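The residues making up each chain are set out below.
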Amino acid sequence: MRNRVTTRSARAMRVAGDRLLANIRSLGKIGATPDGGVSRLAFTSEDARGRELVRDLMIEAGLQTCVDSAANIIGHRPGERQDSPALMLGSHIDTVPNGGALDGAYGVLAAIEVARALNDHDTLLSHPLAIVAFNNEEGAFGTRGMWGAHAMVGALDESDLTAVDDRGRPVAELLFDMGGDAGHLDRAVWSADRVAAYLELHIEQGPVLESRSVQIGVVEAITGRSTLDITVRGKASHAGTTPMELRQDALVAAAQVILAVRDLAYPNGPVRVATVGSLSLAPNAWNVVPGVVTMQVDLRDVSDVAIRQATSRLRSEVLEIAMRTATAIEAENQYSVPAVSCDLGLRDVIAEASESLDLGHLTLPSGAGHDAQVIARIAPVGMIFVPSKGGISHTPEEYSAEDDLIAGANVLLQSVLAYDERYGRTF
Ligand SMILES: [Zn+2]
């Protein structure tokens, strides 16, 4: 029934923008909060209803739809050769508590529209398409984030399977409720030879594209991340009777540590961003010199080497601060996620797709984590960003202009066509 498209007719192909926007609104109503946000955490009844809608949309798009044992929803579209590796498109539809309607959901719904546009133009690609709504990207109720993506690459630990969430419910039970099967997670694993490439369209969740008035972001890498727990121990003492020169004030030392962390990134340091986002002090009373301060440090960069440099610089600086302030400071590495580079070939494809649509594009890193960084273990990955108003995400204020959402979906469509054209005959 379908033929390879000519390059010319392929270039003229567009997604049905109004339908995409309508579907974003429909999915956003599931779990909608009074202040305009969305709470559709994984493993909840809202998530189940959202998943039902996505399945229905996949079926409407003619996709052979299934739920794998990790409760990822997968829609298959045949290619010219069934034995060839798939071009995978996807993202997630779960949200953080009181998050926005676009984070994740946009990428899934746009991928489904890509399939529909191909159908509407009777287009048979060389590659089969696999459109995935990954389960539990956000790590609901204290579970591991990017759960479904980790399952797909076979990277779950035993502890992920035996885990109990913050509500006391075993993950195996949660999976079962969503149509998964914890006893057969091996069936959710995709080997590298089954995936030709993975493309994810997402809102930027940062302010760069908007501030430069550029519609399309070509992601060069997803930043790595390292977190440290720092404990400063001084001596709690009377705020009225302890002379300044005799104090061992843990909070004064902590203040210097916070500035040292900032200096790791700004005005110029080894890493892109460095943050102390959480801090607690004891005894935390207005008339007591603080005795103990604990804080968490978050370092991110597209280079793992840079993160290591920053970590060792911070470690030596806290020793000096401890000496100066008569305190003891411990810095303990918590966890780290390696940086992931996006595939150069896919970056080219996305840039060219943007140009063919007369859309400006900019290469930038992703500061947030995405399913793509896990799928990178089995396939080359590419990511497309569209601007986020005010750079805000994970809140009800999350917003991207309708034109930008449609433009991003068209870039995804044109990237799929260009990728298939370029790599379709080589397998
Ligand atoms: Zn997301």
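Every value quoted in this text rests on a predicted model; they were computed, and no experiment measured them. (Residues numbered from 1 in each chain as written. Predicted model: local features only at pLDDT ≥ 70, side-chain atom pairs only at ≥ 80, totals over all residues.)

## With respect to unusual backbone geometry
Right, so step 1: Looking along the chain, the bond that leaves tyrosine 266 and enters proline 267 is cis, with omega of 5°.
Right, so step 2: If you trace the backbone, proline 267 turns up in the loop between helix 9 (250-263) and strand 9 (273-282).
Right, so step 3: Cis geometry is found at the peptide bond from alanine 282 to proline 283, where omega equals 0°.
Right, so step 4: Take proline 283: it is sitting in the loop between strand 9 and strand 10 (288-289).
Right, so step 5: Even without being glycine, glutamine 205 reaches a positive phi, approximately 65°.
Right, so step 6: Judged by local crowding, glutamine 205 falls into the buried class, with 20 C-beta atoms found within 10 Å.
Right, so step 7: Despite not being glycine, serine 213 has its phi angle at roughly 55°, a positive value. (Helix = DSSP H or I, 4+ residues; strand = E, 2+ residues; numbered from the N terminus. Buried ≥ 20, exposed ≤ 12 C-beta atoms within 10 Å, placed from the backbone.)

## So, the nonpolar core
Right, so step 1: Ranked by size, the top nonpolar core spans 104 residues in total, and within it Val114, Ile131, Ile375 and Leu412 carry the most contacts.
Right, so step 2: Non-local contacts of isoleucine 131, meaning those with residues more than four positions away in its chain, are made with Met58, Leu63, Gly75, Leu89, Gly90, Ala111, Ile112 and Ala115.
Right, so step 3: Leu228, Val232, Ala306 and Leu314 belong to the second largest nonpolar core, which has 23 residues in total. (Core = buried A, V, L, I, M, F, W, Y, C linked by C-beta atoms within 7 Å. Contact = placed C-beta atoms within 7 Å.)

## As for the sheet that holds strand 11 (residues 292-301)
Strand pairing in a sheet takes place through backbone hydrogen bonds and is either antiparallel or parallel in direction.
Right, so step 1: Spatially, 9-11-7-12 is the arrangement adopted by the four strands of the open sheet, whose pairing is antiparallel. Only two strands of the sheet have a single neighbouring strand rather than two, namely strand 9 and strand 12 (328-337). With strand direction ignored, the average angle separating the axes of adjacent strands in the sheet is 15°.
Right, so step 2: Where strand 9 lies against strand 11, nine bridges are found, and the strand directions are antiparallel. Residue pairing across strands places serine 278 opposite glutamine 296, the latter belonging to strand 11.
Right, so step 3: Sheet strands touched by helix 9: strand 7 (224-233), strand 9, strand 11 and strand 12. Its angle to strand 9, the strand with the most contacts, is close to 170°.
Right, so step 4: Set on the sheet, helix 10 (residues 304-325) makes contact with strand 7, strand 9, strand 11 and strand 12; between it and strand 12 the angle comes to about 165°. (Pairing = 2+ DSSP bridges. Axes fitted to C-alpha atoms, helices over the stretch in contact; angles between N-to-C directions.)

## Examining the domain arrangement of the protein
Right, so step 1: Annotation of the protein at the domain level lists domain 1 (7-222 + 339-423) and domain 2 (224-337).
Right, so step 2: On the domain 2 side, the residues contacting the six residues of domain 1 number nine residues.
Right, so step 3: Each residue belonging to the side of domain 1 that touches domain 2 can be placed in one class, and the counts come to three nonpolar, two polar and one charged. (Domains from an automatic or database assignment. Nonpolar A, V, L, I, M, F, W, Y, C, P; charged D, E, K, R; others polar.)

## Examining the packing of helix 11 (residues 344-356) against helix 13 (residues 402-423)
Right, so step 1: Running from N to C, helix 11 and helix 13 cross one another at 120°; their axes reach a closest spacing of 8 Å. Taken together, the axis directions place helix 11 and helix 13 in an arrangement best described as oblique. As helix 11 packs across helix 13, the resulting crossing turns out to be right-handed. Mapping the contact onto sequence places Val349, Ile350, Glu352, Ala353, Ser354 and Ser356 in helix 11 and Val411, Gln414, Ser415, Ala418, Tyr419 and Arg422 in helix 13.
Right, so step 2: Classifying every residue of the contact of helix 11 with helix 13 gives six nonpolar, four polar and two charged. (Parallel < 35°, antiparallel > 145°, perpendicular 65-115°, else oblique. Left-handed = near helix turned anticlockwise from the far one by under 90°.)

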